[in-house]
Each structure stands twice: as structure tokens, then as C-alpha cells.
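Close look at the chain arrangement
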Amino acid sequence: MSSPESFQGVAAVLAGSTRSSISSLFSLTGRVALVTGGGRGIGLEIALAFAEAGAVVYCLDKPTEPGKDWLTVQKHVGQLPAPEGGKDSKGPSLSYLHGDVTDQKAMWKIVDDIVAKENRIDVCFANAGILQEYNCLEYPAEEFQKVMNVNVNGVLFTAQAVGRHMERLGIPGSIIMTASMSGTITNPRRSWVAYNTSKSAVLQMARSMACELAPKGIRVNALSPGYILTNMTRDFLDSNPELWTDWKGQNPSGRIGRPDELRGAALWLASDASTFCTGSDIRVDGGQTAW
Ligand SMILES: NC(=O)c1ccc[n+]([C@@H]2O[C@H](COP(=O)([O-])OP(=O)(O)OC[C@H]3O[C@@H](n4cnc5c(N)ncnc54)[C@H](O)[C@@H]3O)[C@@H](O)[C@H]2O)c1
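Residues numbered from 1 in each chain as written. Predicted model: local features only at pLDDT ≥ 70, side-chain atom pairs only at ≥ 80, totals over all residues. Heavy atoms only, no water.

**As for the pairing of strand β5 (residues 174-178)**
- Among the five residues in β5, five count as buried, and that is most of the element.
- The two faces of β5 match: Ser174, Ile176 and Thr178 on one face and Ile175 and Met177 on the other face are all buried.
- In terms of strand pairing, strand β4 (residues 123-126) meets β5 through four bridges, oriented parallel. The partner of alanine 126 across the bridge, within β5, is methionine 177.
- Following the chain from β4 across helix α6 (residues 141-169) to the adjacent parallel β5, one finds a crossover that is right-handed.
- Note that β5 and strand β6 (residues 219-225) share five bridges and pair parallel. In the sheet register, isoleucine 176 faces β6, and the bridge partner there is asparagine 221.
- Taking the sense of rotation as the criterion, the β-α-β connection linking β5, helix α7 (residues 193-213) and β6 turns out right-handed. (Buried < 20%, exposed > 50% of the residue type's maximum accessible area, 1.4 Å probe, protein only. Helix = DSSP H or I, 4+ residues; strand = E, 2+ residues; numbered from the N terminus. Pairing = 2+ DSSP bridges. Right-handed = clockwise from strand over helix to strand, strands pointing away.)

**Overview of the site of the ligand**
- Taken together, 27 residues lie near the ligand, and Arg40, Asp61, Tyr195, Ile228 and Thr230 sit nearest.
- Side-chain polar atom of tyrosine 195 to an oxygen atom of the ligand: 2.6 Å apart, as the coordinates give it.
- The side chain of threonine 230 places a nitrogen or oxygen atom 2.6 Å from an oxygen atom of the ligand.
- In the complex, the protein chains occlude 94% of the 830 Å² of accessible area that the ligand would expose alone.
- Counting residues per element, the shell around the ligand draws most heavily on helix α8 (residues 231-239), which supplies three residues. (Near = heavy atom within 4 Å. Polar contact = N/O pair within 3.5 Å; in protein donor to acceptor, adjacent residues only side chain to side chain. Areas by Shrake-Rupley, 256 points an atom, 1.4 Å probe, with all protein chains shown as cover.)

**Here we look at the pattern of salt bridges**
- According to the stated counting rule, one finds 14 salt bridges in the structure shown.
- As a salt-bridge pair, arginine 189 and aspartate 246 come within 2.7 Å of each other at their nearest N and O atoms. Note that arginine 189 is positioned in the loop between β5 and α7 and aspartate 246 in helix α9 (residues 243-248), a separation of 57 residues in sequence.
- By relative accessible area, which is 62% here, arginine 189 ends up exposed.
- A salt bridge links glutamate 261 to arginine 258; the shortest N-O distance between them is 3.8 Å.
- For glutamate 261, a relative accessible area of 29% translates into the label partly exposed.
- You can call arginine 258 partly exposed: its relative accessible area is 41%.
- Through salt bridges with shared partners, one network takes in Arg255, Arg258, Asp260 and Glu261. (Salt bridge = Lys/Arg side-chain N within 4 Å of Asp/Glu carboxyl O.)

**What to know about the packing of aromatic side chains**
- Under the counting rule described, the total for this entry stands at eight aromatic pairs.
- Consider the rings of phenylalanine 50 and phenylalanine 125, whose centres lie 6.2 Å apart with planes at 80°: the pair is edge-to-face. Here phenylalanine 50, found in helix α3 (residues 41-52), pairs with phenylalanine 125, found in strand β4; they are 75 residues apart in sequence, far enough to count as distant. Here the two residues phenylalanine 50 and phenylalanine 125 agree in accessibility, since each one is buried.
- Considering the side-chain rings of tryptophan 192 and phenylalanine 236, the 5.3 Å spacing of their centres and the 70° angle between planes classify their relative orientation as edge-to-face. Highlighted residues: tryptophan 192 in the loop between β5 and α7 and phenylalanine 236 in helix α8, separated in sequence by 44 residues. (Phe/Tyr/Trp six-rings, centres within 6.5 Å; stacked < 30°, edge-to-face > 60°.)

**Focus on unusual backbone geometry**
- Of the consecutive residues glycine 91 and proline 92, the connecting peptide bond is found in the cis state with omega at -10°.
- With respect to the element layout, proline 92 can be found in the loop between α4 (68-78) and β3 (93-98).
- Of note in this structure, asparagine 119 is not a glycine but carries a positive phi near 65°.
- Structurally, asparagine 119 is set in the loop between α5 (104-118) and β4.
- Here the phi dihedral of arginine 189 falls at roughly 65°; this positive angle occurs in a residue that is not glycine.

In C-alpha cells form, the structure reads like this:
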């Protein structure tokens, strides 16, 4: 790709041989990715997208063994065609790792082991998160701490674990942090002060790390979903069925989103299609924060 200084317009670039095709721009072939909270929900959906784009993907989650859904996705990935370059070329693949993002030392060690095996790490999707509800005036200290520990500390420890190797190996990697529209707005009629506070912190963490790491060529961005139907939100919807109508009515699209509707934005952030994007918050919320 030409530098801005040498840029002469699209016709001149087309005449040369340095312009990437659109499909190669979005390709993750030869890249290695870590996805936390990758055992289910949004994490598993994005892990699948990365693998379909050609990556070697490691899903990290709390259960010691992966669930049925994860195994089904792994089987699908195993049947994806080998990348160009023949069957000796690496990827795509999906592996499961048991881990807890709140354990800094363990997270660093897990990624040390991935890099020892793969010799690289290119993409980090720091996505593990929890949601709980307590009245803001009664929120127990240990519960508030629990949310901050997973949603804020865990994201930092994940990004550190990967970013240290990107810096050491000179890899122009992409770190994506799952924030939420709840980092920018509050959810009407919900008592989610810890969650909302934690997601604001993630947005600011992404900006701070982006500015610190840009000189090293490492990009850091936040991805902020609106209401997406997963186990996390299903728990609330099942115990409060009136929320279906409430949540759908909160965005101009009039519906709750699906995890697969985050794939495009996540792949764009992970790939060379977004090389000039860092420190940004990409919202995929059916327009909720536009209202
Ligand atoms: N579903 C939504 O509407 C929505 C909206 C905005 C943001 N988000 C965010 O997206 C992310 C994924 O949420 P989801 O909806 O897929 O929920 P989910 O509950 O289905 O998935 C979250 C995953 O994170 C894992 N996890 C939790 N604590 C962990 C820990 N300490 N270490 C490792 N893994 C841990 C869980 O085991 C689970 O598999 C979260 O950060 C969430 O806050 C979700």
C-alpha cells in the first residue's frame, strides 16, 4: 500500500501493483487471534468470523470444557477450505482454552504459550464480560468489584497479554475491546450502574492504549453493541418478558440485534481493512445511541 506522501490518486494506484484486493484486505489468513469469552455468544460468533476469514483462533473461556455449540462451530471450522498456498499453509482452526481473564499472570502465561506455539499473535478480541443488576444505592461492594474485575481489569490483562508480544515481535496487531452502548448511554429502567461504569472504562481504556501503542503500530479500538440476543440478555428477557417490547422500542430499528450482525465490524477492525482506525468506538446498536 502506498504511503500518503506518494499517493497519486486511485487511477495511478490501480495501474501499479501495490493495491490490495478487497478480499485480501479483509483476509486473516496466516494470522493468529485470541477471543476471550469465546465459548459462546458474541465471542463465539466473532471467533467463527475470524476463522472463516482464515485465522488460527484461540477461544478462552471460564468453563473447563467447551459446550456443545462451541464443538459444533469447531467442526464447521475444521471443514473450511485450506488457504491458498496449499494444505501446508496454516489455518483456519479453532481451539479452546480454559482461563479466567481476571488472573493477570495466568493470562500472560496463556498468551506466552500461544506465541511459543504459533510464533505470532495478530488479533485480540477482549470480549469476556458479565452483567448484573442491583439498585445503585444498595450495590454490594463485592458485587460491584466483581463486575469491574471482569469487565475492566480482565480486558486490560487480556490486552496486555497480547500487546506485549505484538510489541516484542513488531507485529502491527489489532486489539478490539467489547464495550457497549451502555458505556455511552444508560439503559432505560435498568439498575446497571456497575456494568455501565465498567463499559465507560473500557471505552477510555481503548482510547488510552490506542494513543500509547500507535507509535508501535498496534491499534486498539472498542466495539459497542446495542441489545443483542445472547445468553446474557436472554436471562433478563426470560425473567422479565415485558422487556422484549421495551428493548425493541428503544432503538429506531425496532428490534434486538443478532450476534452475527457484529461480524462485519469485528472483522473490519481485526483486518487490514481498518489500518487507519485506532482509538475509535464502533457502535452497532440499531441506532439506539442516535436517538
Ligand atoms: N448481549 C448484549 O446485548 C451485549 C451488548 C453490549 C455489550 N455486550 C458485551 O459483549 C460481551 C459478550 O457478551 P455476550 O452477550 O456474548 O454474553 P455471554 O454471557 O453469552 O458471553 C460472555 C462470555 O464471557 C465469559 N466470561 C465471563 N467471565 C469470564 C472470566 N472471568 N474469564 C473468562 N471468561 C469469562 C462467560 O463464560 C461467557 O462465555 C460482554 O463483554 C458483554 O458485556 C453484550
